[in-house]
Structures are given as structure tokens and as C-alpha cells.
Amino acid sequence: MAGVAGPATGSGAAGGDGDDSLYPIAVLIDELRNEDVQLRLNSIKKLSTIALALGVERTRTELLPFLTDTIYDEDEVLLALAEQLGNFTGLVGGPDFAHCLLPPLESLATVEETVVRDKAVESLRQISQEHTPVALEAHFVPLVKRLASGDWFTSRTSACGLFSVCYPRASIAVKGEIRQYFRSLCSDDTPMVRRAAASKLGEFAKVLELDSVKSEIVPLFTNLASDEQDSVRLLAVEACVSIAQLLSQDDIEALVMPTLRQAAEDKSWRVRYMVADKFSELQKAVGPKITLNDLIPAFQNLLKDCEAEVRAAAAHKVKELCENLPMEGRETMIMNQILPYIKELVSDTNQHVKSALASVIMGLSTILGKENTIEHLLPLFLAQLKDECPEVRLNIISNLDCVNEVIGIRQLSQSLLPAIVELAEDAKWRVRLAIIEYMPLLAGQLGVEFFDEKLNSLCMAWLVDHVYAIREAATNNLMKLVQKFGTEWAQNTIVPKVLVMANDPNYLHRMTTLFCINALSEACGQEITTKQMLPIVLKMAGDQVANVRFNVAKSLQKIGPILDTDALQEEVKPVLQKLGQDEDMDVKYFAQEAISAVAQRLRKLDFPVKDSEEPSAPGADKNHFLRPRGPGEDTGKGPAYQLHVNTRDTLPQLDTAEIVLFLPKHRLISRI
């Protein structure tokens, strides 16, 4: 290490000695010692490049010792270092020299920051696979022992993640030592170490011999599941799945089930939550017989647990539990032992519980069949569809296709659709808004014919709602429906109804027509837009309300890219030019914006544009610009700007203030 840290590593020394190969390591050292964290981080990320420049021997003898001695840095730098070293085997000479990477990683595995330790353990696990069995016992196993017997809990927690990777290739004698070290960590005085051991218990069990699992792992599991810390006990539940998969039915009943029953009734809700969360995996691991005798009663208790989090976790597993039950007698068991508890959850006081149940309950219809669904499940669906929580309603509507497959569209329309229509006409606008957002999903599940018959009129009614947010959402809804059902459906069903609104006495509804055209034009394509929508937009340019007229200009700008050159030149441009002379300054402004956009569109299409047709807008012509009137020039009539002709040739020479368009802000804001 002295060679690295000495004068020879400086850039001047490198130049003086004529050995330029030292320069990269000198730069690295300089940057690692820099006060700027980002520079240090960047240098760590370039380690592989520097190692390549140094070669494998100097990387082993100079770079790695330097890194090992300087592991006192910011956490993000150490995290990057731990990640880099995991892929360093090839840069130190291959598997034969993989043990050279262990010292710096061992140091990183003992730091205080958990993220750094976890990344160091991940790299160590990766490198362990590249050790030969001899090198593993000579270098890697001693490292694990040192970490497992370290003074600080940080090293002992890191050791827990390394036992399973070195155990399979160790000799019998060494295996015994490894098991002994793991046992000691499972009974460590520090809760953090016991937590780490409990989290790796199942993983370690999978690489052990069956006799060792029964004689050593099961007692450890029992002790951890009875630990005084609930954070340790809940991790033991996760290990239970792996252990049960390794044992026979008799062994599970005798060795595992007493502890699992105890966990399902644990005094800590976090442990019960973990049992509920892992219930499907536990069900598969213990087999059907034990499920019927032990897990079903435990599941019933979890569904009526006093803690909402536990009930929600159990509710999420209802469908999986029912699917994994034996086919013989499954329907009867669900109806008698599961459904009564589900009915109680539908009216639960906690919205998270109801939402969790709503996300899976529809799937029961395929298991229970048509008659049971109509008689028992439909009333539950109906109750949830009317629930005050939006997420509950969404989860029901999102899964209607499951019920549709079982009971048919006619039965569905008679039972659930009236509730949906009722919500769509609810007095609270937020409820109506929620149903609009679900409509494309619902339409896709029910099909176009059913939609036209039952829901089309509802979607059109939303366009004239007295709340703007509803009208806006209804407009977006139409676009999504066209994307789902196609342009032919739109041409025959939607577009004619939208265009009729252009003659509505209410100017807000006429504006909604323009908003719909903006949304539908891209989905419907050029032909429908040009033949059916464009004439209506052009006609509305003569509307008496200025808000409608400037929205016409905005609509023409929006649909311009879809139209062909003939329509732009012969129909759109004359109307925009007329609007550009409008008495209302806002109409003028948006017309000029649209003219600029149309002119750019025509240029792209190689269509000649006369200079006289360019708009007199800021920046549109190099010799014309708008400037504010002077104090004595404002007569109180017309906009607060005037056209000024610049006799100079280049616009960039103008003062910045002279090319700003001044418009009364209150008028624009009032018309949004």
C-alpha cells in the first residue's frame, strides 16, 4: 500500500519517472480524498476502468488494499463501492483470485448503514459462487465465522445472509461448524441479529439435510416463533413456509402446526397479519388435509380479527384460498365456512377491508357457479357497488367480466346496471365523475351492442352536465370509447349527437361541442373530421359569444394537423383571417396563433404561403412587431397594443420589451 500512497503516485512523480501507467490510480486517490462527495462517487463508479488500466496484478496488490484501508466515507459512496466489487472477479485475475475481493467487502459488511451492508452481502454471495471448494473453505468460510463472531451486531446480521451460499459445498466437518454458528446467531442477545437470522432461516433450511432440518432447524423455528420481539416472530412465519415444504405431512402436523396455530392467534397484530399475508403459501405447503382441519378455522378468525389491517390481508386471500381447496366438496365448504364471514366484511367499518374484499370477491362467481352467484353473491356486489368508498366501487366494476361469464349479460343488466345508472345520476358530482372514469372499462367488458342500448344516452347526458369537470371528463370518455369501439361506431353513433349540440341555446354546451371535436378528431381520422366535424366548426366561427369564437380558433389549430392542404387553404384559412379581424382581442389573439400553426403546417406540406398571408403577431414577420401604446396613444378603444413597422432589417436588434404582447390578463383568465 505504501507504493500507492507514496510520492510515486502523484501526477508529477508519474511524469518525472516516465511511468504514465500510475496516473489513473493517482487520479483515483486524489478524487477519493476530494471534499466533493460527487467527485468521490464518480471515481468509485470508474473503478473497473482504472482496474483495467492497472492490470490484474496491480489491482490486487495496490488498488484493493487502498480501498480496504479507506472505507470511511459517505454511505452513497460505500454503496457504489459494494456494488462495483461484486463484478470485480474478472479484473483481479478470475476465480483463482476471487478471495482478494473479500477484505474490502468484509469491511463494508460491518458498516452501520443497512443498505450498504445488504449490498456488500449481495456481492459476497455472488463472489462465493466463483470460489472453488478449497478456496471457499480456506477464505470464504473463515470470513463468515469472523462476521458471525464479531463484536458489533452489524457484522453478525451480515453473516446471517452468507450461511446458505457456503454450506452446500463445505466438507462435513465444516458444515457442522456452520450450523453451530447459525444456532448461536438465532439465540443472539441483540434483537436485530435474531431478526436477520429469522429472515434467513427458511433459506438456510433448504440447503440442509433433512435430518438436520428436523433436529436443528425446527427447534430454532419454534424458539424464534416464541421470541419476545414481535418483529422476530413475524419473520418466523415466513420461514414456516419453506420448512413445511421440506417435511412430510406427519412431520408437519407434529413439528410445525403447533407453532403455526400459536402464530395465528399471536397477541401482536403484526404476526397475525403476516400469517394472513402468507396464507396461500402456507395452504400449499401444508397440504389439503391440514388445511381443512387447521387452516380454515384459523382463516375464519383472521377474517373477523379485531385489527383492520389483519382483516384486509385475509380478505385479499379469499379467492386464492377458495381456488386452492380440494375440488371435492369445495362449493359446500365455501358456502358454509367462508361466505358467512365474507358477508360481514361487505359492511365492514374500514374502507381498506372493503376495498380488499371487492378486489377479489367477483372471482368467487366462477367457483360457485350461476345459481349461487345470483342468490348469494349478487346482493353483495350490489351493496359494494353502492359503497361510499370510490375504490370499492372501482374494484367491483373492474371485475364485472368475471360475473358476466357466469350469469350472462341479461341477468347482469337486470341486477347491477340499475345501480350503475343510479350512481351516474347521483346528486354529488364527484360520484358522477367516478362513474365516468369507469365507463370505458365497463364498455369494454359489456360490448358495443349492450353499451349502445343501456349506457350511450348516459354518456351523452354527461356532456351537458352543469359541472364543468363532468363535461370535461365526459369529453375524454368519448375519445376512449371511440378508441375501443372504432371509427365506424363513432361516425354512426357519437358524432351526429355531438354535432347537434352546436345549435344548443346554452353557449357552454356549444363550447362542449368544440371540446368534443378536439378530442374525437384524432381518434376518428381525416375523412370524418373533414366531412362531418369541420363544417360545424367553421359555422360556429360566427357565434355571437366571443368565448365560442376564440375556442373555434383553438379548435381549428388543434385539428389542423389532421386536415389536408385543400381544406386548410380553402376553408380554414379564410375563417381564421376573418377571426383575426374580430372586435374581441382574445379572439384576435387565438386566431393569430392558429394562423401561425396553419402556415407552418402548409410549409411542411410544401404548399406556397404568400408573405401577405402571414399573421401580424409577435415574431411572425421580421419587419412587423407589436409594442404597447404610449401613455398618450391609448384612446380606451381596442387592445392595449399597436402595430409598429420596423425599418431595420433584423428583428434581433429590437429591444426585448418592444416585442412583448400586452393583453389584459383578467379577460383571458375569465374565459378559461
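Anything mentioned here points back to the structure above.
Let me begin by describing the structure that accompanies this report. Within any chain, residue numbers begin from 1 and follow the written order of that chain's sequence. Selection of residues for local features in this predicted model requires a pLDDT of at least 70, selection of side-chain atom pairs for listing and counting requires 80 or more, and totals for whole chains, interfaces and linings are taken over all residues. Where side-chain values are given, they derive from all heavy atoms of the structure, hydrogens and water being excluded.

Digging into the pattern of salt bridges
Then step 1. Any Lys or Arg side-chain nitrogen located within 4 Å of an Asp or Glu carboxyl oxygen qualifies as a salt bridge. Applying the stated criterion across every chain yields a total of 23 salt bridges.
Then step 2. Ionic pairing is found between Arg194 and Glu228, a salt bridge with its closest N-O pair at 4.0 Å. Separated by 34 residues along the polypeptide, Arg194 in helix α14 (residues 191-199) and Glu228 in the loop between α16 (210-225) and α17 (230-246) bring together distant segments of the chain.
Then step 3. What makes Arg194 buried here is its relative accessible area of 7%. Only runs of H or I of at least four residues qualify as helices and only runs of E of at least two qualify as strands under DSSP, and these elements are numbered from the N terminus. Relative accessibility under 20% of the residue-type maximum defines a buried residue, over 50% an exposed one, and the middle range a partly exposed one, all with a 1.4 Å probe and only protein chains included.

Some details on the packing of aromatic side chains
Then step 1. Pairing of aromatic rings covers Phe, Tyr and Trp, the last through its six-membered ring, and needs centres within 6.5 Å; plane angles under 30 degrees mean stacked, over 60 mean edge-to-face, and all others mean tilted. Applying the stated criterion across every chain, the model contains 11 aromatic pairs.
Then step 2. Taken together, a centroid distance of 6.0 Å and an interplanar angle of 55° make the contact between Phe163 and Phe204 tilted. Here the residue Phe163 occupies a position in helix α12 (residues 163-166), and Phe204 occupies one in helix α15 (residues 201-206), the gap between them amounting to 41 residues. Each member of the pair, Phe163 as well as Phe204, is classed as buried.
Then step 3. Taken together, a centroid distance of 5.6 Å and an interplanar angle of 85° make the contact between Tyr167 and Phe204 edge-to-face. With Tyr167 in the loop between α12 and α13 (172-186) and Phe204 in helix α15, the pair connects residues that are 37 residues apart, well separated along the chain. The pair Tyr167 / Phe204 is uniform in exposure class, with both members buried.
Then step 4. What links up through ring pairs into an aromatic cluster is the set Phe163, Tyr167, Phe182 and Phe204.
Then step 5. Comment: the charge-over-ring label is applied if NZ (Lys) or CZ (Arg) is within 6 Å of the ring centre and within 35 degrees of the ring normal. Positioned above the aromatic ring of Phe97, the side-chain terminus of Arg60 is 3.8 Å from the ring centre.
Then step 6. Looking at Lys554, its charged tip hangs above the ring of Phe590, at a distance of 5.1 Å from the centre.

Some remarks on the packing of helix α19 (residues 269-277) against helix α22 (residues 308-316)
Then step 1. As a packed pair, α19 and α22 sit with axes 8 Å apart at the nearest point and diverge in direction by 5°. The angle between α19 and α22 places the two elements in the roughly parallel class. Counted together, Trp269, Arg272, Tyr273, Ala276 and Asp277 of α19 and Glu309, Val310, Ala313 and Ala314 of α22 form the full contact between these two elements.
Then step 2. Residue composition of the contact of α19 with α22, grouped by class: 6 nonpolar, no polar and 3 charged. As a rule, the C-alpha atoms of each element are fitted with a line to give its axis, helices using only the stretch in contact, and angles between N-to-C directions run from 0 to 180 degrees. Small angles under 35 degrees read as roughly parallel and large ones over 145 as roughly antiparallel, with 65 to 115 read as roughly perpendicular and the rest as oblique. We call two residues in contact whenever any of their non-hydrogen atoms come within 4.5 Å of each other. Residues are grouped as follows: nonpolar covers Ala, Val, Leu, Ile, Met, Phe, Trp, Tyr, Cys and Pro; charged covers Asp, Glu, Lys and Arg; every other residue, Gly included, is treated as polar.

Examining the environment of Ala419
Then step 1. For Ala419, the location among the structural elements is in helix α30 (residues 417-424).
Then step 2. When its relative accessible area of 3% is taken as the criterion, Ala419 is described as buried.
Then step 3. The spatial distance from the C-alpha of Ala419 to the C-alpha of Leu382 is 7.1 Å, given a sequence separation of 37 residues.

Re the side chain of Thr291
Then step 1. Considering the arrangement of structural elements, one finds Thr291 in helix α21 (residues 288-303).
Then step 2. Residue Thr291 is classed as buried on the basis of its relative accessible area of 2%.
Then step 3. Here a polar contact means two N or O atoms within 3.5 Å. Within protein one must be a hydrogen donor candidate and the other an acceptor candidate, and residues neighboring in sequence count only if both atoms are side-chain atoms. Of the polar contacts made by the side chain of Thr291, one reaches the backbone oxygen of Gly287; its length is 2.7 Å.
Then step 4. The residues touching Thr291, leaving out its near neighbours within four places in the chain, are Gln283, Val286, Ile296 and Leu325.

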